[in-house]
Amino acid sequence: WLDHYCDWAARVFGREGGSTVPGALVAVALPVVPVAAIDWMLGSHLLGLLQLGLAVLVLLVSFGPRDLRDEIDDYVAALERGDRTEADKRAKELLESDAAGRGAGLRDAVEDAIFVQANNRIFGVILWFMLLGPAGAWLFRVSDLMRRRVAFEALRQGRPVAPGSFGHALGVVHGLLAWIPARLVAATYAMAGSFEDAVGNWRAAVDGAASGLLDRTEDLLARVGKGSLQPSLASIAPESLDAATARGAWRIVSRATWIWLVVIALLVLAGEAA
């Protein structure tokens, strides 16, 4: 249903000559208003259990619509079967672009995409949930889903997302929301793998910063994640490297998730003690 809303918002807020970034902000905020209103109305009724139930529901929905681990498993399974067509199809979901014809470059692209998508699907949702509750988690996920919808529409039509367009403005909005969680995630990737290599790649990402806000954020996540993983792939046979790289990237993401859970638990305990 959000795809239909995104298409409507593109027609309403993406008109020629319009102020696209403010329009994109309004378009992203509108689906969040009902969640924020319901959360406020529930308040402390029934000892806060209704509000807790809403928070859990919104958080679980915000992690969807598909699980990142499932997408990676489907991609690896296709590689192991030797089904290149299916592997390209699964890789397209991660890359948000066409995977066919990339050759050896597909492995690096999928590896980068896993580290980036983990921030979009998991860590950004968690951080904004901690900051603003269920409305924050839903705000971040709506911005990502709308940006993703525009990217796939542009791909279907065989054209890039044009600068100054509504799709570009959605990327700016999502880039603003992703900036803080991405830096925390990059630091966690470094702790979850090879710290020295990850920090070296972080410096390289700063020195060779891309032009757009979201592009710089995604480049940072990809470089630091790749650095944290790189030493563990040294002994992998070349024919198994594609699958091993995807599995290894998810292993770093999984470790980073556990680190976040431990830190959140300690913060909760410290808050209770205070």
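Rules behind the numbers
Residues numbered from 1 in each chain as written. Predicted model: local features only at pLDDT ≥ 70, side-chain atom pairs only at ≥ 80, totals over all residues. Heavy atoms only, no water. Core = buried A, V, L, I, M, F, W, Y, C linked by side-chain atoms within 4.5 Å. Buried < 20%, exposed > 50% of the residue type's maximum accessible area, 1.4 Å probe, protein only. Helix = DSSP H or I, 4+ residues; strand = E, 2+ residues; numbered from the N terminus. Contact = heavy atoms within 4.5 Å. Phe/Tyr/Trp six-rings, centres within 6.5 Å; stacked < 30°, edge-to-face > 60°. 1 Å grid on protein atoms, 1.4 Å probe; cavity = no way out; pocket = protein on both sides within 12 Å on 5 of 7 lines; lining within 4 Å. Points joined across faces, edges and corners; volume = space filled by probe spheres on them. Nonpolar A, V, L, I, M, F, W, Y, C, P; charged D, E, K, R; others polar.

Section: the nonpolar core
Generally speaking, soluble globular proteins have nonpolar side chains that are buried together.
Part 1 of the reasoning: By size, the foremost hydrophobic cluster in this structure holds 45 residues, and its most contacted members are Tyr75, Val110, Ile114, Phe123, Tyr189 and Val253.
Part 2 of the reasoning: Among the elements of the structure, helix H5 (68-81), helix H6 (84-95), helix H7 (105-132), helix H9 (166-192), helix H10 (195-207), helix H11 (213-229) and helix H12 (241-273) are those that each provide at least two residues to this core.
Part 3 of the reasoning: With twelve residues, H7 is the single largest residue contributor to this core.
Part 4 of the reasoning: Apart from the residues lying within four places of it in its own chain, the contact partners of Phe123 are Ala118, Pro181, Val185, Tyr189, Val253, Ala256, Thr257 and Trp260.

Looking at the packing of aromatic side chains
By convention here, two paired aromatic rings are described through the distance between centres and the angle between planes.
Part 1 of the reasoning: Under the criterion given, the structure shown has six aromatic pairs.
Part 2 of the reasoning: Look at Tyr5 and Trp8: their rings are 5.7 Å apart centre to centre, the planes differ by 35 degrees, and that puts the pair in the tilted class. Separated by three residues within a single helix, Tyr5 and Trp8 lie in helix H1 (residues 2-13), roughly one turn from each other.
Part 3 of the reasoning: With relative accessibility at 15%, the residue Tyr5 sits in the buried group.
Part 4 of the reasoning: One aromatic cluster in this structure is built from Phe115, Phe123, Tyr189 and Trp260.

Structural notes on the layout of surface pockets
Rolled over the atoms, a probe sized like a water molecule indicates the empty space that remains.
Part 1 of the reasoning: When its volume is computed, the largest pocket comes out at roughly 790 Å³.
Part 2 of the reasoning: Lining the largest pocket are 31 residues, and of these Glu96, Arg147, Leu214, Asp215 and Glu218 sit closest to its centre.
Part 3 of the reasoning: Tallied by class, the residues present in the lining of the largest pocket amount to 15 nonpolar, eight polar and eight charged.
Part 4 of the reasoning: Forming the walls of the second largest pocket are 22 residues, and the residues nearest its centre are Asp3, Pro65, Leu145, Arg148 and Arg149.
Part 5 of the reasoning: Elements supplying a minimum of two residues to the lining of the second largest pocket: H1, H6 and helix H8 (134-156).
Part 6 of the reasoning: With ten residues, H8 is the single largest residue contributor to the lining of the second largest pocket.
Part 7 of the reasoning: Looking at side-chain class alone, the lining of the second largest pocket contains ten nonpolar, one polar and eleven charged residues.

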